[in-house]
Amino acid sequence: AQSVTQPDIHITVSEGASLELRCNYSYGATPYLFWYVQSPGQGLQLLLKYFSGDTLVQGIKGFEAEFKRSQSSFNLRKPSVHWSDAAEYFCAVGAGGSARQLTFGSGTQLTVLP
Amino acid sequence: DGGITQSPKYLFRKEGQNVTLSCEQNLNHDAMYWYRQDPGQGLRLIYYSQIVNDFQKGDIAEGYSVSREKKESFPLTVTSAQKNPTAFYLCASGQRREAVGEKLFFGSGTQLSVL
C-alpha cells in the first residue's frame, strides 16, 4: 500500500518570498501524484498532478512541482508567494487512475506575512 | 455554474440521532466520494460510488450509510453507531481518465458537531 508524508505541519513565509512544500511518498511503482489546496472552511481545489512525462509540472496559480524518483518526492514550489496563497496544502498519492486509490497527506498549513 | 453543492454548511447532532448530509453535483460525473477530515489529518474515504445504484465502502465506513439513486445526488447518513462524528465532511466527484488520473472536484463541506 502507498503512503505519503508531509513533514512540515506549518510553514510561514513573507509575501514575495519563495516557497517550497515537501511531500514524500512510498510506493513501489510510479504513482499518480497530486497537490490540492484548501482555503479555510472550503473544499479542496486541484493545483497540479503528475503521472508520467516531464518531471517538472506546472499548475494553476503559478505553482509547480517536481517529481524526483530517486528521492521519492514531489515538492511543491512557487517563486513568489502572494497573501492569497495562505491556505492548507495537501499532497496525495494514488496507485491507479481512480480517486478510490488516493492517499492524502496530513497537510501543510501556510501562513503568509505581509 | 457547474459544481458540487453540499448542505447544510453546519449541522448539529444529538445523542442517538441519525443525520443526513446532502451532496449534489451538476458536472455529469459518474463517480462521487465522501471524505472525513479531522484537524491535522488528511482526508479519509468513507464511501464512494462509481455508478448509479452502486456504492462501495471506503476506509472508514463504519457508522455511515449512503445511497446513489440519481447520478447527481449522493447523500451521506451519519448514524447513531458512529460514536465520534464530529468532523468536517467533504463530498467530491470525478471523471476517471486513466492516462492522467482522476481529478476530484470538491464541495465546500459540512461541519458536523455533537450537542
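These remarks concern the structure in this document. Here the residue numbers are simple positions, counted from 1 along each chain's written sequence. All chains are assigned letters beginning with A, and all ligands numbers beginning with 1, in the order in which they are written. pLDDT decides what is reported in this predicted model: residues at 70 or higher carry local features, side-chain atom pairs at 80 or more are listed and counted, and totals for whole chains, interfaces and linings draw on all residues regardless. The side-chain quantities take in all heavy atoms of the structure and omit both hydrogens and water.

## With respect to the nonpolar core
Residues and elements named next belong to chain A.
Phase 1: In these notes, a set of buried Ala, Val, Leu, Ile, Met, Phe, Trp, Tyr and Cys residues joined through side-chain atoms within 4.5 Å is what counts as a nonpolar core. Throughout, exposure labels follow a simple rule: accessible area from a 1.4 Å probe, protein chains only, divided by the maximum for the residue type, with under 20% read as buried, over 50% as exposed, and the rest as partly exposed. Of all hydrophobic cores here, the largest spans 26 residues; its most connected members are L19, W35, L47, L48, F74, L76 and Y89.
Phase 2: Numbering of helices and strands starts at the N terminus; helices are DSSP runs of H or I of at least 4 residues and strands are runs of E of at least 2. At the level of secondary structure, the elements contributing two or more residues to this core comprise β2 (10-14), β3 (19-21), β5 (32-38), β6 (44-50), β8 (64-68), β9 (73-78), β10 (87-94) and β12 (108-113).
Phase 3: With 4 residues, β10 is the largest single contributor of residues to this core.
Phase 4: Should any heavy atoms of two residues lie within 4.5 Å, those residues are counted as being in contact. When residues no more than four places from it in sequence are discounted, the contact partners of F74 are C23, L33, F34, W35, L48, Y50, A65, E66 and F67.

## Thoughts on the sheet that holds strand β1 (residues 4-7) of chain B
Residue and element names in this part refer to chain B.
Phase 1: Taken together, 4 strands build an open sheet; the order of strands is β1-β3-β8-β7 and the sheet is antiparallel. Each having just a single partner strand, β1 and β7 (64-66) make up the two edges of the open sheet. Neighbour to neighbour, the strand axes of the sheet diverge by 20° on average, direction disregarded.
Phase 2: Strand pairing is assigned whenever DSSP identifies at least 2 bridges connecting the two strands. Here 3 bridges tie strand β3 (residues 19-25) to strand β8 (residues 76-78), and the two strands are oriented antiparallel to one another. Residue pairing for β8: L21 is matched across the bridge by L76. Only C-alpha atoms enter the line fits that serve as axes; for helices the fit covers just the stretch in contact. Angles between N-to-C directions range over 0 to 180 degrees.

## A short note on the interface of chain A and chain B
Phase 1: Taken residue by residue, the interface counts 20 residues in chain A and 26 residues in chain B.
Phase 2: Accessible area that two parts lose when put together, with a 1.4 Å probe and added across both, is what the buried area reports. The contact between chain A and chain B buries some 1,800 Å² in all, and 55% of this surface belongs to carbon and sulfur atoms.
Phase 3: Think of a polar contact as two N or O atoms within 3.5 Å of one another; within protein, one of them needs to be a possible hydrogen donor and the other a possible acceptor, and neighboring residues in sequence only count if both atoms come from side chains. In this assembly, chain A and chain B are joined by 6 residue pairs in polar contact (both at pLDDT 80 or more).
Phase 4: When residues of the side of chain A that touches chain B are traced back to their parent elements, those giving at least two are β5, β6 and β11 (102-104) of chain A.
Phase 5: Element by element, the count of residues in the side of chain A that touches chain B is highest for β5 of chain A, at 4 residues.

## Digging into the pattern of salt bridges
Residue and element names in this part refer to chain A.
Phase 1: We define a salt bridge as a contact between a side-chain nitrogen of Lys or Arg and a carboxyl oxygen of Asp or Glu at a distance within 4 Å. Under the defined criterion, the tally for this structure stands at 7 salt bridges over all chains.
Phase 2: A salt bridge links R77 to E64, with the nearest nitrogen and oxygen atoms 3.3 Å apart. Here R77 is found in strand β9, whereas its partner E64 is found in strand β8, with 13 residues between them in sequence.
Phase 3: Taking the relative accessible area as the measure of exposure, R77 reaches 23% and is therefore partly exposed.
Phase 4: One salt bridge in this structure joins D85 and K78, with 2.8 Å as the shortest N-O distance. No difference in accessibility class separates D85 from K78, as the two residues are buried.

## Observations regarding the packing of aromatic side chains
Phase 1: Each Phe, Tyr or Trp ring (for Trp, its six-membered ring) is paired with any other whose centre lies within 6.5 Å, and the angle between the two planes then decides the class: stacked below 30 degrees, edge-to-face above 60, tilted in between. Counted according to the given criterion, the structure contains 14 aromatic pairs over all chains.
Phase 2: Judged by centre distance (6.3 Å) and plane angle (25°), the rings of F34 of chain A and Y36 of chain A are stacked. Of the two residues, F34 of chain A and Y36 of chain A, neither departs from the other in class, the shared state being buried.
Phase 3: With centroids separated by 6.0 Å and ring planes inclined at 50°, the aromatic side chains of Y36 of chain A and F104 of chain A adopt a geometry described as tilted. Within this pair, whereas Y36 of chain A is found in strand β5, its partner F104 of chain A is found in strand β11, the two being separated by 68 residues in sequence.
Phase 4: Y36 of chain A sits in the buried class, given a relative accessible area of 0%.
Phase 5: Joined through ring pairs, the aromatic side chains of F34, Y36 and F104 of chain A together with Y33, Y35, Y48 and F106 of chain B make up one cluster.
Phase 6: Of note, R68 of chain B hangs over the ring of F74 of chain B, and the distance from its end group to the ring centre comes to 6.0 Å. Charge over a ring is defined by NZ of Lys or CZ of Arg lying within 6 Å of the ring centre and within 35 degrees of the ring normal.

Everything listed here is a matter of coordinates, which is why it stays silent on function.
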